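Structure at a glance
Each chain is listed here by its residues.
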Amino acid sequence: MEPLTAEKISEKVHEIEQRVGRLSPMQKVLIGTDGSVTNLLEMATGHPVTITTRVQEVVAADPGTAAALEIEPGDEVNYRVVELKDSVTGEVLIYAVSRTPLRRLAPEFRQDLMQADIPIGRILSRHRIESRREITDARVIQAGTDLARTFNVHRFESMLSRKYRIIHREEPLIAIEEVFPCTAFADEVRVLVDAPSRIHITLLDMNGASGRVDGGVGVTLDEPGCVLDARKSADIDVHGGDEAARNRVLEAARAVVEGLRLPGGAEITLHAAARQHAGLGSGTQVALATAAALCRLYDRDLPVPDLARIVGRGGTSGIGTAAFEQGGFILDGGHRFGSPGGKQDFRPSAASRGIAPPPVLARHRFPEDWRILLVTPDVEAGAHGGREVDIFRTHCPVPLDEVRELCHEVLMRMIPGLVEHDLDLFGSAVNRVQHLGFKKVEVAMQHPIIPALLEGTVQAGAAGAGLSSFGPTVYAIGDSGMEDVARAAKEVLGDCGGSVLLTRARNCGAGVRVG
């Protein structure tokens, strides 16, 4: 394992900045130092650093550990996980994992390492062990559940990681990985927004004879979601995600800066986002998360419907906007149709700019013991852009009798099933909805794998299954036995491939944190 030269470390820092934006001098120092991290932290905070040992055990070296330490696989290694904390505030500053081959340790050193909460640098100094540090890697990782809990950050938030070895007598004595959040030790305020995705069960009235149109029903999801952070900048720069996602962030940021006449822009890092054009509302959440971050940065307090209008969302369905604001199960009342100030034709949200989000008629907590399976096959993306507009124009208005039956299913079966915690009633309403109104149109246009998934998940035990928006994501709802439903979904996918995610509803809206 070759150590990184100073030039290579600079290249690694540059690669990291391409992903998460500009690093502060302190962050760069923590990545590239070959000295005592504990001393650096004490100088930066002005407080003593304490060590809390979370894990301490002797394990057999796996191949990766053996290669890093230049030992044999299976050799005994002391595996140690510690938190370096500010002794005054209690804040976790660094999460560190170390691996040390026991056969290279003197008994006194081994005793201190395995029994005391002492920084490794101070153990080395106490025992007068001459050593040097070799940095072997620096990168961005995702927090995940454990690090998110440790640092009180979102599980999709980006973390900075560096790996190094302590060399003694030309042999690796210890291999260490140190991790801290991208928002830690920053020299500017960052705003982090965690926005939920949603499933869109159905549009209600794509006939318009009543003088209203659209209307929608949906459920906010715990995951996947959109996580991004922003800090002030003269211009608008976007990092992370793929090109299409970055363009969405850029478009929304420009709309907010121009619409609110903000005095500056922002450097925005997209840490996570749901797959685009999959039926999960990714576009709405990315746009609203961007708008919320900029407003918080520049101390502008706008209600979510106003943000949605600025970024051009909510012009047909209000589910995504309400999910961002409130979470839970949502029913919206659509828009006025054919009258002054209302919509004049049938079109999707993306083509309905300038139309305010519809009113939320009902919002209810989704049962926490009901689970939601999301299955997204690797097939053509759901209808969007010009094709989506054409579908609305071609297939609307839908028959009025189907609109009436659809509304009856929602009002008298789906919502009562939710409120009375009757999963079978709720699920049967979801199943019937797939054959009515505009949802029937959406389902009919799908790849053959979609009806197979709808049927297969219900046969495997789900109470109900449906297509979310224009798909291709299929959702299935149940309580116990959803692992069996997930296995059945994977079997149906077969060679087609795709993702299967078992999640829950989210009964709150987006989170905004300043750090």
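Residues numbered from 1 in each chain as written. Predicted model: local features only at pLDDT ≥ 70, side-chain atom pairs only at ≥ 80, totals over all residues. Heavy atoms only, no water.

Side note on the overall build of the chain
A count of helices and strands for the chain gives 17 helices and 18 strands. Overall size of the chain, expressed as C-alpha extent along the three principal axes, is 85 × 55 × 35 Å. Burial analysis of the chain (515 residues in total) assigns 56% to the buried set. Contacts in the chain between residues far apart in sequence, at least 24 positions, make up 74% of those at least 6 positions apart. Per element, the accessible surface of the chain, about 21700 Å² overall, is 48% carbon and sulfur. Distance from the positive charge centre (57 side chains) to the negative charge centre (69 side chains) of the chain: 3 Å. (Helix = DSSP H or I, 4+ residues; strand = E, 2+ residues; numbered from the N terminus. Buried < 20%, exposed > 50% of the residue type's maximum accessible area, 1.4 Å probe, protein only. Contact = heavy atoms within 4.5 Å. Areas by Shrake-Rupley, 256 points an atom, 1.4 Å probe, with all protein chains shown as cover. Lys, Arg positive; Asp, Glu negative; His and termini not counted. Charge placed at Lys NZ, Arg CZ, Asp CG, Glu CD.)

Structural notes on the sheet that holds strand 17 (residues 498-504)
Spatially, the four strands line up as an open sheet ordered 15-16-14-17, and their pairing is antiparallel. Every other strand in the sheet has two partners, leaving strand 15 (464-467) and strand 17 as the edge strands with one partner each. The average angle at which neighbouring strand axes cross in this sheet is 20°, direction not considered. Both strand 14 (residues 371-377) and strand 17 contribute to a ladder of seven bridges, which runs antiparallel. Bridge pairing links Ile372 to Thr503 in strand 17. The strands touched by helix 14 (residues 423-433) within the sheet are strand 15 and strand 16 (474-478), with strand 15 carrying the most contacts at an inclination of about 30°. Packing against the sheet, helix 16 (residues 449-459) makes contact with strand 14, strand 15 and strand 16, and its axis sits at approximately 165° to strand 15. (Pairing = 2+ DSSP bridges. Axes fitted to C-alpha atoms, helices over the stretch in contact; angles between N-to-C directions.)

Topic: empty space enclosed by the protein
One pass over the full model with this rule turns up one cavity of 30 Å³ or more. In this structure, the largest cavity occupies an estimated 40 Å³ of space. As for the largest cavity, its lining consists of Ser197, Gly225, Cys226, Ala273, Ala274, Leu280, Gly281, Ser282, Gln285 and Val286. For the lining of the largest cavity, the secondary-structure elements that each account for two or more residues are strand 8 (212-233) and helix 9 (282-297). In terms of residue count, the dominant contributor to the lining of the largest cavity is helix 9 (three residues). For the lining of the largest cavity, a count of residues per class yields five nonpolar, five polar and no charged. (1 Å grid on protein atoms, 1.4 Å probe; cavity = no way out; pocket = protein on both sides within 12 Å on 5 of 7 lines; lining within 4 Å. Points joined across faces, edges and corners; volume = space filled by probe spheres on them. Nonpolar A, V, L, I, M, F, W, Y, C, P; charged D, E, K, R; others polar.)

Description of the packing of aromatic side chains
Taken as a whole, this structure holds eight aromatic pairs when the rule is applied. Judged by centre distance (5.4 Å) and plane angle (50°), the ring pair of Trp370 and Phe426 falls under tilted. Taken together, the residues Trp370 in the loop between strand 13 (360-364) and strand 14 and Phe426 in helix 14 connect sequence positions 56 residues apart. For Phe426, a relative accessible area of 0% translates into the label buried. Arranged with centres 5.9 Å apart and planes meeting at 90°, the rings of Phe438 and Phe470 form a pair that is edge-to-face. Separated by 32 residues along the polypeptide, Phe438 in helix 15 (residues 437-444) and Phe470 in the loop between strand 15 and strand 16 bring together distant segments of the chain. Given a relative accessible area of 1%, Phe438 falls into the buried group. On the basis of relative accessible area, Phe470 is assigned to the buried category, the value being 4%. Three or more aromatic residues joined by ring pairs form one cluster here, namely Phe329, Phe366, Trp370 and Phe426. Taking NZ or CZ as reference, Arg155 lies 5.3 Å from the ring centre of Phe156, over its face. (Phe/Tyr/Trp six-rings, centres within 6.5 Å; stacked < 30°, edge-to-face > 60°. Lys NZ or Arg CZ within 6 Å of the ring centre and 35° of its normal.)

Describing the packing of helix 8 (residues 243-260) against helix 9
Following both chains from N to C, one finds helix 8 and helix 9 inclined at 45°, their axes separated by 9 Å at the closest point. Taken together, the axes of helix 8 and helix 9 lie oblique to each other. Helix-helix and strand crossings are classified by hand; for helix 8 and helix 9 the assignment is right-handed. Residues Arg248, Val249, Ala252, Ala253, Val256, Val257 and Leu260 of helix 8 lie in contact with helix 9, whose contacting residues are Ser282, Gly283, Val286, Ala287, Thr290, Ala291, Leu294 and Cys295. Here the residues of the contact of helix 8 with helix 9 are counted per class, giving 11 nonpolar, three polar and one charged. (Parallel < 35°, antiparallel > 145°, perpendicular 65-115°, else oblique. Left-handed = near helix turned anticlockwise from the far one by under 90°.)

Overview of the sheet that holds strand 5 (residues 158-168)
With antiparallel pairing, six strands are arranged side by side in an open sheet as 1-2-3-6-5-4. Every interior strand has two partners, whereas the edge strands, strand 1 (49-60) and strand 4 (132-142), have only one. When the angles between neighbouring strand axes are averaged without regard to direction, this sheet yields 20°. Bridge count for strand 2 (residues 76-86) against strand 3 (residues 92-101) is nine bridges, and the pairing is antiparallel. Directly across from Val81, in strand 3, lies its bridge partner Val97. Against the sheet, helix 3 (residues 37-45) engages strand 1, strand 2, strand 3, strand 5 and strand 6 (171-181), with an angle of about 170° to strand 3.

A word on the pattern of salt bridges
Between side chains of opposite charge, a pair can form when the charged atoms approach closely. Taken as a whole and judged by the stated rule, the model has 33 salt bridges. Notably, a salt bridge pairs Glu442 with Lys439, separated by 2.7 Å at the nearest N-O pair. Of this pair, Glu442 and Lys439 both sit in helix 15, three residues apart, which is roughly one turn of that helix. Across this residue pair, the class does not change: Glu442 and Lys439 are buried. Among the ionic pairs, Arg487 bridges to Asp484, the shortest N-O distance being 2.1 Å. Of the two residues, Arg487 and Asp484 both sit in helix 17 (residues 482-493), three residues apart, roughly one turn of that helix. The exposure class of Asp484 is partly exposed, given its relative accessible area of 40%. (Salt bridge = Lys/Arg side-chain N within 4 Å of Asp/Glu carboxyl O.)

Brief notes about unusual backbone geometry
In this structure, Pro224 follows Glu223 across a cis peptide bond, with omega equal to 0°. Considering the arrangement of structural elements, one finds Pro224 in strand 8. Residue Pro472 follows Gly471 across a cis peptide bond; omega there is 10°. Its location among the elements puts Pro472 in the loop between strand 15 and strand 16. Even without a glycine there, the phi angle at Asp214 is positive, about 75°. Counting through the fold element by element, Asp214 comes out in strand 8. What makes Asp214 buried here is its relative accessible area of 2%. For Arg261, which is not glycine, the phi torsion reads 55° and is therefore positive. Given a relative accessible area of 73%, Arg261 falls into the exposed group.

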